[in-house]
Amino acid sequence: MKTQVKTYEMFINGKFVQAKNGGMREIVDPANGEPLALAPEAGRADMKLAILAARAAFDKGPWRKTTAQDRGKFLFKIGDLIRANAKALAELEVRNMGKPLVEAEYDVADAANCFEFYGGLATKIHGETMSVPANSMSFVLREPIGVCGQIIPWNYPLLMSAWKLAPALAAGCTAILKPSELTPLTALALARLIHEAGLPPGVVNIVAGPGAGAGEELAESPLVDKVAFTGGTLTGRKIAIAAAGNLKKVTLELGGKNPNIVFADADFEAAVDGALFAAFANQGEVCSAGSRLLIEKSIHKKFVDTMLKKISRIKLGHGLSAGVKMGPLVSAAHRDKVEGYIKAGIREGAKLVCGGGRPKGAEFARGFFVEPTIFDDVKPTMRIAREEIFGPVLSVIPFKNEAEAIHIANDSEYGLAAGVWTLNVNKGIRVLKELRAGITWLNTYHPTFNEMPWGGYKQSGNGRELGLYGIQSYLETKQVNINLDETPLAWY
């Protein structure tokens, strides 16, 4: 699957450019380590240009005078262009990030859906009116925040680009998107489609570069009105501090250590399949992954034994190979981090029941693969039960009753997602209401919808993305009061 190395460009003020300092980053295919592309390595100077372009496009350009109907048409056109280029985008996502093709294809379709959802929502930004007291009228306007800095992670590059850009554009904002320096390719490919859609220069700028320098400039700049970040909690704290310089609006979608609770009265086979999918989809490189599996003690051994029988069905390999359901981790450094957690789990006394190493065979030798790994009899105090691993490592924790399950589930600094499996709907809803998490599932795990809010409690972030909530975070609220009485006030 050797690929010709391609040189990519950034998108600033309607033009495709390289970094001013000439910096380039080699992007490799994580499945085989082969060079895939050269991407610009932007610094502060490049980011300043992008910010100035977005500032001018918002303050002086035609974008803020573009009607909601026309903004919606632009978004629909971007969605159409994504669908027209779906095959190439999905394959590029696989080669850059490592996920299986079937997952990448879903992500590409969902990215198009996201642009289309917000394209339709652009004309549904409504305010309020009141006519009290007499001879006056007051109303509320919802106006775009302005220039928005958007920083996305490496695990869903195209989809996260859509999650950030679509609501900002629908609201009438301008944007500077910074993809992860590890996986910038589909975001840079999206820039070509945005250019083809005909958006005015400076409305969308896509700048590839590291957090140090480029990302810092975006978070710190007084010319940026809002920053939206998806990524690790530690980085999220740094961005919040940097953004305080001009009190810019901040939304943060951060990490998770998510509980997936299986009661004895669950549909057993469905829960087993759901537990494996919750933990190992996208190689476990998912902020909402069900990486803590809480199993009622009466079915604990049977459940783990059944998972071990099924886990061999998870085919590892290059994401473009037929039947592959788990690809490599995104980089050698991230693989080493995940392996460090596996060693920590063993040291702390958790029972390693499968995986824990690198798969054998020539096809895996140069890639960044880790086997799907399960630890049993994990104590809630262990690192592998408390810290976000962001890889294919599942911690199994037995519980004795509903109250203990809720306590263990909520005993975390995170509160992003949670799942519950039971055929007793009353119990399922009762438990979901007790869980301190922003995204929850009953008898399923992982499905998400552009129409519904996404975000977490506690240290899993601030604010919400997607749905009506997603566009509200890009809008300011203005009060307007009109005096209908022509009589002078005569106050003095």
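Everything that follows concerns the structure shown earlier in this document.
Thresholds applied
Residues numbered from 1 in each chain as written. Predicted model: local features only at pLDDT ≥ 70, side-chain atom pairs only at ≥ 80, totals over all residues. Heavy atoms only, no water. Helix = DSSP H or I, 4+ residues; strand = E, 2+ residues; numbered from the N terminus. Rg over C-alpha atoms; globule rule 2.2 N^0.38 Å. Buried < 20%, exposed > 50% of the residue type's maximum accessible area, 1.4 Å probe, protein only. Contact = heavy atoms within 4.5 Å. Lys, Arg positive; Asp, Glu negative; His and termini not counted. Charge placed at Lys NZ, Arg CZ, Asp CG, Glu CD. Polar contact = N/O pair within 3.5 Å; in protein donor to acceptor, adjacent residues only side chain to side chain. Salt bridge = Lys/Arg side-chain N within 4 Å of Asp/Glu carboxyl O. Pairing = 2+ DSSP bridges. Axes fitted to C-alpha atoms, helices over the stretch in contact; angles between N-to-C directions. Left-handed = near helix turned anticlockwise from the far one by under 90°. Nonpolar A, V, L, I, M, F, W, Y, C, P; charged D, E, K, R; others polar.

Undergrad: So what exactly am I meant to see when it comes to the overall build of the chain here?
TA: From N to C terminus, the chain includes 15 helices and 23 strands. For the chain, whose C-alpha radius of gyration is 24 Å, the value lies close to the compact-globule estimate of 23 Å for 492 residues. The principal-axis extents of the C-alpha atoms in the chain amount to approximately 80 × 55 × 40 Å. In the chain, which comprises 492 residues, the share counted as buried stands at 58%. Taking the intrachain contacts of the chain between residues at least 6 apart in sequence as the baseline, contacts between residues at least 24 apart amount to 75%. Across the chain, the centroid of the 57 positively charged side chains sits 2 Å from that of the 51 negatively charged ones.

Undergrad: Please clarify how the side chain of Asn 155 should be interpreted in this entry.
TA: Along the chain, Asn 155 turns up in the loop between β8 (147-151) and α5 (157-171). There is a polar contact of 3.0 Å between the side chain of Asn 155 and the backbone oxygen of Glu 285.

Undergrad: Hey, could you run me through the pattern of salt bridges in this one?
TA: Should their charged atoms come close, side chains of opposite charge can pair. Enumeration according to the criterion identifies 25 salt bridges in this entry. We note a salt bridge from Glu 339 to Arg 358, for which the minimum N-O separation is 2.7 Å. Pair noted here: Glu 339 is in helix α11 (residues 332-347) and Arg 358 is in the loop between β15 (351-354) and β16 (373-376), with a separation of 19 residues, a long-range link. The network of salt bridges with common partners includes Arg 44, Glu 216, Glu 217 and Glu 220.

Undergrad: Explain the pairing of strand β17 (residues 393-399) to me, please; I cannot follow it from the model alone.
TA: Across a regular strand the side chains alternate sides, sitting on one face of the sheet and then on the other. Among the 7 residues in β17, 7 count as buried, and that is most of the element. The alternating pattern of β17 places Val 393, Ser 395, Ile 397 and Phe 399 and Leu 394, Val 396 and Pro 398 on opposite faces, both of which are buried. Here 5 bridges tie strand β14 (residues 292-296) to β17, and the two strands are oriented parallel to one another. For Leu 293, the partnering residue across the bridge sits in β17 and is Val 396. Where β16 lies against β17, 3 bridges are found, and the strand directions are parallel. Residue Thr 373 lies in a different strand from β17, and its bridge partner there is Val 393.

Undergrad: What exactly am I supposed to notice about the packing of helix α1 (residues 44-59) against helix α7 (residues 211-220) here?
TA: Describing two packed helices takes the angle between their axes plus the distance from one axis to the other. Remark: α1 packs on α7, axes separated minimally by 8 Å, with the N-to-C direction vectors making an angle of 40°. Between α1 and α7 lies a crossing of right-handed hand. Residue-level inspection shows Arg 44, Met 47, Lys 48 and Ile 51 of α1 in contact with α7, the latter providing Gly 213, Ala 214, Glu 216, Glu 217, Leu 218 and Glu 220. For the contact of α1 with α7, the residue count by class is 4 nonpolar, 1 polar and 5 charged.

Purely geometric numbers; function is a separate question.
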